[in-house]
Number of protein chains: 2
Amino acid sequence: MSTPQTQSGFHVDTLAVVGVGLIGGSVAAAVRTRGLADRVIGIGRRLERLEPAREAGIIDECAIDPAAAADADLVVVCTPVDRIVADVRAIAAQARGEMLITDGGSVKQSICRRLCSGLPDGVTFVGAHPLAGSEKSGWEHASADLFENRVCVITPDPVQAESPAVQQTTAFWQAVGMRTLQMEPHAHDRSLALTSHLPHVVASALASLLTERELELAATGFRDTTRIAAGDPDLWTAIFLQNAEPVRAEIDLLIHRLQEFQQSIADGDDGELRRLLARGKTRRDRLD
Amino acid sequence: MSTPQTQSGFHVDTLAVVGVGLIGGSVAAAVRTRGLADRVIGIGRRLERLEPAREAGIIDECAIDPAAAADADLVVVCTPVDRIVADVRAIAAQARGEMLITDGGSVKQSICRRLCSGLPDGVTFVGAHPLAGSEKSGWEHASADLFENRVCVITPDPVQAESPAVQQTTAFWQAVGMRTLQMEPHAHDRSLALTSHLPHVVASALASLLTERELELAATGFRDTTRIAAGDPDLWTAIFLQNAEPVRAEIDLLIHRLQEFQQSIADGDDGELRRLLARGKTRRDRLD
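Okay, so let's go over this structure. (Residues numbered from 1 in each chain as written. Chains lettered and ligands numbered in written order. Predicted model: local features only at pLDDT ≥ 70, side-chain atom pairs only at ≥ 80, totals over all residues. Heavy atoms only, no water.)

In this complex, chain A contributes 83 residues to the contact, which on the side of chain B involves 83 residues. Of the roughly 7,800 Å² buried between chain A and chain B, counting both surfaces, carbon and sulfur atoms make up 66%. Put simply, chain A and chain B have eight salt bridges between them. Between B:Glu216 and A:Arg179 there is a salt bridge; the shortest N-O distance is 3.1 Å. Applying the counting rule to chain A against chain B returns 30 residue pairs in polar contact (both at pLDDT 80 or more). When contributions to the side of chain A that touches chain B are tallied by element, the ones reaching two or more residues are strand S7 (151-155), strand S8 (179-182), helix H6 (185-208), helix H7 (220-226), helix H8 (233-242), helix H9 (244-266) and helix H10 (270-285) of chain A. If one sorts the elements of the side of chain A that touches chain B by residue count, H9(A) sits on top with 17 residues. (Contact = heavy atoms within 4.5 Å. Buried area = accessible area lost by both parts, 1.4 Å probe. Salt bridge = Lys/Arg side-chain N within 4 Å of Asp/Glu carboxyl O. Polar contact = N/O pair within 3.5 Å; in protein donor to acceptor, adjacent residues only side chain to side chain. Helix = DSSP H or I, 4+ residues; strand = E, 2+ residues; numbered from the N terminus.)

Quick look at the structure:
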């Protein structure tokens, strides 16, 4: 079989995506647009959701049976975090040859720990977390450019850190346009508790305070600060429960910071209040 | 003097803007673009900041002396909330004829209470809060379209609620493109504590937790949720201190909601967690 050289040099014959939603659909679209595979199979739970994705040209073939991925060289599992372990195992059980499996889950420790051993010979799992997405869901919002210049964290088990499978996983996520960095699963989870999970809790808690009467008064500040609260409650419930301890610890830290603001406002301490605000601004300015 | 009819029907001979920053500069730009005044005078504290605004065509004339606004029919005071009362009084003291003064302050009770009486005969103040702006500051970011379709809250003193001055103030803010609604100053402050001041506290507190190590891991969710933390610490210090009690109360409510999340995560209660997230999503979805 011909293996046309892509710009990145990355190419496989058959790639399967399990879970063709926003992330999985975007993986498929990026792979097809960039010519990274000859054939892209989309696997999901409902054919009536998959067929339109095939008709829209997101995937080449679709199936609900994991056996459809038996010949895949690379499988990208993009289901909710509480389903990834079972989905990886189901796919792995069907593998007919060498198979590399990676995922797109936003929590890594609970997934990677359970998949670092026990898979059939020839099948390797290397966890990954592409930091891309939005509050939208469904392949209808998928985009071949979703990953462009975003960061993907690769979280190999320490024993596999230098293995060819990790190199290939890294090459894949780079080939869809991402900058990669490598972290241990638990370190990833601790950091993401702050940079992703806590903002979601905050946005949701803040949005929940809005009453009908005040809808008209919520301008861009409120809208920006709460935008991610529109995300899927099921997806986020699973994320919080799989990263429970780090998320709880970050909520504690935030409450402490909020109490500092409260105290300085109660004291009428403009110097302290200015210091607190300047601290936030200094950190935020680093992001632009 | 000719008074060309504008689309809105609103027109004055001379309009002065005190404080030519993002809001004041945008008021001036909108007034000029829409032909709402024959002459727009910009008044500020530093000529070296005002002259370039005049050269850029934001204002027709500039001055640091409030006496320059003596003949203005309408004065819009857009200085920080802790300077508005003094600036309104300084302008009012110079008025040579009938003069209407409005402002753009994000806190109203402390300002309106002190200005509802004691101004010279013929001078009337009607408070307003145009819900527009951004984390940027300075007239360089001003835009004639900043107010387009945004909400402006007019906060007259109860005794003046139906007066011609209130009608004229309303007509002015509508003429720069805004939808107006009328509230009592203390009701405005209570609502804005939730819809604007609390999000700023939250964004700043959240941003302050970010460490150097985690910069790379802050994706769009973190960025959106903390965007407004880049705002000017001096401006926001004054806002929080002038609306201290409502802001403190809102921080309390938010902490309570955060603790609900913490508890449900600690309990591993996926039903409750889903309910909390769905509540936030339902409210947030109303904003789009």
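Moving on from the model shown.
If you rotate chain A by 180° and push it 0.0 Å along the axis, it lands on chain B with an RMSD of 0.0 Å. The superposition operator between the copies reduces to a two-fold rotation axis. Among all C-alpha atoms of chain A, that of A:Thr225 lies closest to the rotation axis, at 2.0 Å. Comparing contact sets, 100% of the residues at the interface of chain A also lie at the interface in chain B, consistent with an isologous, same-surface contact. (Least-squares fit on C-alpha atoms with pLDDT ≥ 70 in both.)

Here the focus is the sheet that holds S7(A). Residues and elements named next belong to chain A. Ordered by their spatial adjacency, eight strands build an open sheet running S3-S2-S1-S4-S5-S6-S7-S8, and the pairing between neighbours is mixed. Taken across any chain shown, the strands that pair with only one partner, and hence form the sheet edges, are strand S3 (61-63) and S8. This sheet shows a mean twist of 25° between the axes of neighbouring strands, independent of strand direction. Inspection of the sheet shows strand S1 (residues 12-18) paired to strand S4 (residues 74-77) by four bridges, in the parallel sense. Counterpart to Leu 15 in the pairing with S4 is Leu 74. Where helix H5 (residues 164-175) meets the sheet, its contacts fall on S1, S4, strand S5 (99-103), strand S6 (123-130), S7 and S8, and the angle it forms with S5 comes to roughly 55°. (Pairing = 2+ DSSP bridges. Axes fitted to C-alpha atoms, helices over the stretch in contact; angles between N-to-C directions.)

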